[in-house]
Amino acid sequence: MAVATACANIALVKYWGKRDASLNTPAAGSLSLTLDRLRTWTEVLREPGLSEDVLEIDGKAVTGRPVERISRFADLVRGPAGDQTRVRVRSHNTFPTAAGLASSASAFAALAVATSDAFGQSLDPRALSILARRGSGSAARSIFGGFAVMHEGSAADGSDAFAEPMQGSTIELCAAVAVAKAEEKKVGSTDGMELTKTTSPFHQAWIDCVNRDLPVAQDLLRSGDIMALAELVEGNCLAMHANAMAARPGILYFRPSTLWALEEVRTMRAEGIPVFFTIDAGPHVVAFTPPEHLGTVAKRLAGHPEVQDVLTSGPGEAAHAAESMP
Ligand code: DP6
């Protein structure tokens with residue numbers, strides 16, 4: 001039996017598009033901050049009596065696509081280990097699952113650590129990042145704590161598409177996540193990216209935009225120019241969503257509370273609070289701000305009837321093995 005924990009991450013420069021869907025390599029790099037408050041705990045048990053892999057999330061048995069996904073993922077470890085034993089996976093999230101809140105990032109990062117441990121495979125962080133990427137592209141970044149940069153790579157086998165810690169930021173960021181009242185997300189990231197890549201007239205322009213934004217964002221984190229970083233991160237997020245909206249049929253993740261929160265963040269910035277937003281594949285708004293402003297920002301973001309909760313978080317640590325489930 002092996003247990004691991006990993007934190008989700010939220011991208012400042014976003015991943016939206018694949019180079020090779022079968023290896024799950026991204027079409028461009030990305031940059032994220034791992035967040036302590038959004039955490040997955042996962043236990044992997046090799047169970048010789050099982051004929052199929054079994055998945056439980058937060059105490060509930062799960063069937064269908066998520067089980068197929070973890071089964072295919074476990075095969076990536078079982079193959080090299082020469083051990084075809086089925087697994088029982090128990091997973092617990094400290095935040096709402098699959099509502100566009102980066103749950104696949106922490107899930108597959110924790111699963112990479114726990115599955116490789118359960119099959120006696122000792123992998124270094126780079127190999128773990130490559131393995132986690134096969135489960136979910138954003139999970140490659142959750143192997144690391146703090147800021148992480150994902151390299152898109154160019155190798156045909158995906159061996160150079162991994163994340164690494166980004167060193168040298170002089171800006172310390174926390175996040176307030178305005179969780180919108182919502183169902184599970186309607187178009188998941190994997191399907192959304194595929195539809196965008198094949199039908200959006202803006203897709204190549206988006207990839208070019210990421211390639212320009214990625215080095216600049218890292219320079220701004222290092223030089224400490226938070227207001228310039230704010231413009232860049234918001235612009236990158238809106239470009240990603242503009243591209244998804246331009247797919248046919250258009251993918252629209254925003255809800256009324258999403259637009260309200262964007263305005264609220266920009267109002268706070270106009271008042272002099274260094275804060276900026278980003279949005280993943282769901283209606284929730286993440287506001288990044290230095291620790292001294294987190295309380296104010298969180299309070300302000302709670303002021304809409306469709307915001308059901310505001311989660312606050314500091315930077316998270318790297319994915320790692322644990323003694324037992326919490
Ligand atoms: C909008 O990593 O969930 O959160 O690789 O298909 O599993 P798959 O996609 P996923 O996509 C994340 C998309 C995003 C942006 C980001 O995290 O960079």
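What this report covers is the structure whose coordinates are included nearby. (Residues numbered from 1 in each chain as written. Predicted model: local features only at pLDDT ≥ 70, side-chain atom pairs only at ≥ 80, totals over all residues. Heavy atoms only, no water.)

**Some words on the overall build of the chain**
- Secondary structure assignment for the chain yields 9 helices and 14 strands.
- Computed over the C-alpha atoms, the radius of gyration of the chain is 19 Å, within 12% of the 20 Å expected from 2.2 N^0.38 for a compact globule of 326 residues.
- Projected onto its principal axes, the C-alpha coordinates of the chain cover approximately 60 × 40 × 40 Å.
- By residue count, 54% of the 326 residues in the chain fall in the buried class.
- Counting only contacts in the chain whose residues sit at least 6 apart along the sequence, the fraction spanning at least 24 positions is 77%. (Helix = DSSP H or I, 4+ residues; strand = E, 2+ residues; numbered from the N terminus. Rg over C-alpha atoms; globule rule 2.2 N^0.38 Å. Buried < 20%, exposed > 50% of the residue type's maximum accessible area, 1.4 Å probe, protein only. Contact = heavy atoms within 4.5 Å.)

**Points about helix α9 (residues 294–301)**
- Every buried residue belonging to α9 is among L294, V297, A298 and L301, and all of these are buried. Relative to the axis of α9, the buried residues are bounded by an arc of 100° and lie together on one face. Of the exposed residues in α9, the ones pointing more than 90 degrees away from its buried face are G295 and K299.
- Those residues of α9 hidden inside the fold are in contact with β10 (174–180), α8 (256–270), β12 (285–289) and β13 (307–313). (Arc of directions from axis to C-beta.)

**Structural notes on the pairing of β12**
- By the criterion of burial, β12 is predominantly enclosed, with 5 of the 5 residues buried.
- Burial along β12 is two-sided: V285, A287 and T289 facing one way and V286 and F288 facing the other are all buried.
- The pairing of β10 with β12 spans 5 bridges and is antiparallel. Counterpart to A178 in the pairing with β12 is V285. (Pairing = 2+ DSSP bridges.)

**Some thoughts on helix α1 (residues 65–81)**
- Here α1 spans 24 Å end to end across 17 residues, near enough to the 24 Å set by a 1.5 Å rise per residue.
- Among all positions in α1, only V67, I70, S71, F73, A74, V77 and R78 are buried.
- Turning to α1, the residues buried within the fold contact β5 (54–57), β6 (60–62), β7 (87–93), α2 (103–118) and α3 (125–135).
- Trailing α1 by a residue or two, G82 shows a phi angle of about 65°, which is positive. (Expected span 1.5 Å × (residues − 1).)

**Some thoughts on the site of the ligand**
- As a matter of local geometry, the ligand sits amid 18 residues, with Y15, K18, G137, S138 and T190 nearest to it.
- Contacts to the ligand include R141, whose side-chain N or O atom sits 2.7 Å from an oxygen atom.
- Among the elements that line the shell around the ligand, the one with the most residues is helix α5 (residues 189–199), at 3 residues.
- Classifying every residue of the shell around the ligand by side-chain character gives 6 nonpolar, 7 polar and 5 charged. (Near = heavy atom within 4 Å. Polar contact = N/O pair within 3.5 Å; in protein donor to acceptor, adjacent residues only side chain to side chain. Nonpolar A, V, L, I, M, F, W, Y, C, P; charged D, E, K, R; others polar.)

**Overview of the side chain of R141**
- Summarising the element assignment, R141 is placed in helix α4 (residues 139–142).
- At 6.3 Å, D280 is the nearest oppositely charged side chain to R141, a buried residue that forms no salt bridge.
- Here S32 takes part through its side chain, which lies 3.1 Å from a polar atom of the side chain of R141.
- Those residues within four positions of R141 in sequence are excluded, and the remaining contacts are N9, A11, Y15, S30, S32, T34, A148, M150 and A163. (Lys, Arg positive; Asp, Glu negative; His and termini not counted. Salt bridge = Lys/Arg side-chain N within 4 Å of Asp/Glu carboxyl O.)

**Side note on the packing of α1 against α3**
- Contact geometry for α1 and α3: axes closest at 9 Å, N-to-C directions at 150°. Viewed along their axes, α1 and α3 adopt a mutual orientation that is roughly antiparallel. Pair α1 / α3 crosses with right-handed handedness. Here R69, F73, L76 and V77 of α1 lie close against α3, whose contacting residues are L131, A132, R134 and G135. (Axes fitted to C-alpha atoms, helices over the stretch in contact; angles between N-to-C directions. Parallel < 35°, antiparallel > 145°, perpendicular 65-115°, else oblique. Left-handed = near helix turned anticlockwise from the far one by under 90°.)

**Describing the environment of G17**
- Of note, G17 is situated in the loop between β1 (2–13) and β2 (18–20).
- What G17 contacts, discounting residues up to four positions off in sequence, is P26, A27, M193 and H203.

**With respect to the packing of α2 against α3**
- Where α2 contacts α3, the two axes come as close as 8 Å, and the packing angle between them is 120°. Taken together, α2 and α3 sit at an angle that is classed as oblique. Of the two possible hands of crossing, α2 and α3 adopt the one that is right-handed. Side by side, α2 and α3 meet where F108, A109, A112, V113 and S116 of the first sit next to L128, L131, A132 and G135 of the second.

**As for the pattern of salt bridges**
- In this structure the tally under the stated criterion is 18 salt bridges.
- A salt bridge links R269 to E231; the nearest nitrogen and oxygen atoms lie 3.5 Å apart. Note that R269 is positioned in helix α8 and E231 in helix α7 (residues 226–245), a separation of 38 residues in sequence.
- Residue E264 pairs with R300 through a salt bridge whose shortest N-O separation is 2.8 Å. With a gap of 36 residues between them, E264 in helix α8 and R300 in helix α9 connect regions that are remote in the sequence.
- Look at E264 and you get buried, because its relative accessible area is 16%.
- For R300, a relative accessible area of 25% corresponds to the partly exposed category.

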